[in-house]
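Report on the structure
The lines below spell out each chain.
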Amino acid sequence: MVKARPNHKTSQLRLALIDPRTLVRNAVACLLQTWPPASVPASTFAVLPFCTIAEFGTRHHNPAKDFDLVAFNVGASTLADDRSAREVNALQQMLSSLPLVLMADCLEPKLALDLLRNGLKGYIPATASPMVAIEALRLVWAGGTFIPPELLQHAASESPHDSSDAHSDPILAAQLTGREGTVLALLRQGKPNKMIAAELRITENTVKVHVRLIMKKLGANNRTHACYLVQRAAEPRLNGANATHPSP
């Protein structure tokens, strides 16, 4: 069930950003609050930075009351490191039902997927564009889970293809055309209509038509909701992959 979130038209996304690197922490906070797509009132971020998990926990005994989302940037640290694993686990227990998103310099598919299967609501690699990072956080705020394409590809390679997926995958069920599927893939990368039009060499109006058809076929309220439905459809397959290939 999708947890109710504040009205995006009248509220800010209250984000706690934890990163021990002062320069990076403040740069990311500044980017999220000033990047052009985030300057629109409907997508404004209110970011409060913290140096450590301990500082965050000391200053906010009831995080769910003060924040809508928490992002923890592990930087170049590997998730395989015992310290990183303990920190992520401690933060998840501290937050309880409050959504947690990890940011990382390195893409570690297997470890990231394990965390996503165990409650993590998003994983944003440093290779993501500012717009993708912003839309990923908005997606999690709306109640979804952000999984970068690289992780979905890894998950697909982990488990054999099951033809029954066609009955649970909204894209297959909706029978999107090839061009609609391409537009949807670009939407999931956080690209605006103008950029999609330039990349596909079509007009913005044509892109808008494709987006409307995609939303209609998927039963989505808006483009963000359409991306959320696709992400949600991948979660059962991720769980299936976990059941087939348990962690050692």
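First, a word on what this report is: a plain description of the structure on this page. Bear in mind the structure is a predicted one, so any value in this text is a computation, not a measurement. (Residues numbered from 1 in each chain as written. Predicted model: local features only at pLDDT ≥ 70, side-chain atom pairs only at ≥ 80, totals over all residues. Heavy atoms only, no water.)

**A closer look at the sheet that holds strand β3 (residues 69–75)**
Here we have five strands laid out as an open sheet, ordered β2-β1-β3-β4-β5, and parallel in their pairing. The open sheet has two edge strands with one neighbour each: β2 (45–50) and β5 (122–125). Taking the axes of each pair of neighbouring strands and ignoring which way they run, one obtains an average angle of 25° across the sheet. Two strands pair when backbone bridges link them, and β3 and strand β4 (residues 100–104) are joined in this way by five bridges, in the parallel orientation. Bridging from a neighbouring strand, valine 70 pairs with leucine 100 of β4. In this fold helix α6 (residues 130–141) packs onto β1 (13–18), β2, β3, β4 and β5, with an angle of close to 115° to the strand it touches most, β1. (Pairing = 2+ DSSP bridges. Helix = DSSP H or I, 4+ residues; strand = E, 2+ residues; numbered from the N terminus. Axes fitted to C-alpha atoms, helices over the stretch in contact; angles between N-to-C directions. Contact = heavy atoms within 4.5 Å.)

**Concerning the packing of helix α10 (residues 178–188) against helix α12 (residues 204–218)**
With their axes 10 Å apart at the nearest point, α10 and α12 run at an angle of 95° to one another. In terms of axis orientation, α10 runs roughly perpendicular to α12. Residue-level contacts link Arg179, Glu180, Val183, Leu184 and Leu187 of α10 to His210, Val211, Leu213, Ile214, Lys217 and Leu218 of α12. Its residues assigned to classes, the contact of α10 with α12 shows seven nonpolar, one polar and three charged. (Parallel < 35°, antiparallel > 145°, perpendicular 65-115°, else oblique. Nonpolar A, V, L, I, M, F, W, Y, C, P; charged D, E, K, R; others polar.)

**Comments concerning the packing of aromatic side chains**
Scanning all chains against the criterion turns up three aromatic pairs. Note on phenylalanine 50 and phenylalanine 56: the rings are 5.2 Å apart at their centroids and 80° apart in plane angle, and the pair reads as edge-to-face. Here the two residues phenylalanine 50 and phenylalanine 56 agree in accessibility, since each one is buried. (Phe/Tyr/Trp six-rings, centres within 6.5 Å; stacked < 30°, edge-to-face > 60°. Buried < 20%, exposed > 50% of the residue type's maximum accessible area, 1.4 Å probe, protein only.)

**Section: the pairing of β3**
The side chains of a regular strand alternate, residue by residue, between the two faces of the sheet. Counting buried residues in β3 gives seven out of seven residues, a clear majority hidden from the surface. The alternating pattern of β3 places Leu69, Ala71, Asn73 and Gly75 on one face and Val70, Phe72 and Val74 on the opposite face, and all of these are buried. The pairing of β1 with β3 spans four bridges and is parallel. Paired with alanine 16 across the bridge in β3 is valine 70. For the crossover that starts at β3, traverses helix α4 (residues 82–95) and ends in the parallel β4, the hand is right-handed. (Right-handed = clockwise from strand over helix to strand, strands pointing away.)

**What to know about unusual backbone geometry**
In terms of backbone geometry, most residues other than glycine have negative phi values and most peptide bonds are trans. Residues other than glycine seldom take positive phi values, yet serine 96 does so here, at roughly 60°. Following the sequence through the fold, serine 96 ends up in the loop between α4 and β4. Phi at arginine 201 is positive, roughly 60°, even though this residue is not glycine. Mapping arginine 201 onto the fold places it in the loop between α11 (193–200) and α12. Take arginine 201: its relative accessible area is 80%, and that puts it in the exposed class.

**A closer look at the nonpolar core**
Considering soluble globular proteins, one finds that nonpolar side chains tend to be buried as a cluster. In terms of nonpolar packing, the biggest core is built from 40 residues, with Leu15, Phe45, Ile124 and Leu137 touching the most fellow members. Broken down by element, this core gets its largest block of residues, eight residues, from α6. If near-sequence neighbours (up to four positions away) are discounted, leucine 137 is found in contact with Leu13, Leu15, Leu32, Phe45, Leu69, Val101, Met103 and Ile124. If you look at the next biggest cluster of nonpolar residues, it comprises 26 residues, including Ile53, Leu102, Ala104 and Ile147. (Core = buried A, V, L, I, M, F, W, Y, C linked by side-chain atoms within 4.5 Å.)

**A closer look at the side chain of aspartate 19**
Tracing the backbone through its elements, the reader meets aspartate 19 in the loop between β1 and α1 (22–34). Here arginine 21 takes part through its backbone nitrogen, which lies 2.9 Å from a polar atom of the side chain of aspartate 19. Discounting residues that sit within four places of it in the chain, aspartate 19 has contacts with Val24, Arg25, Phe50, Cys51 and Asn73. (Polar contact = N/O pair within 3.5 Å; in protein donor to acceptor, adjacent residues only side chain to side chain.)

**A few points about α11**
Within α11 the residues assigned to the buried category are Asn193, Ile196, Ala197 and Leu200. Burial along α11 is one-sided: seen end-on, the buried residues are contained in an arc of 100°. For α11, the exposed residues lying more than 90 degrees away from the buried face are Lys194 and Ala198. Two residues or fewer after α11 comes arginine 201, characterised by a positive phi angle close to 60°. (Arc of directions from axis to C-beta.)

Coordinates in, geometry out; function isn't part of it.
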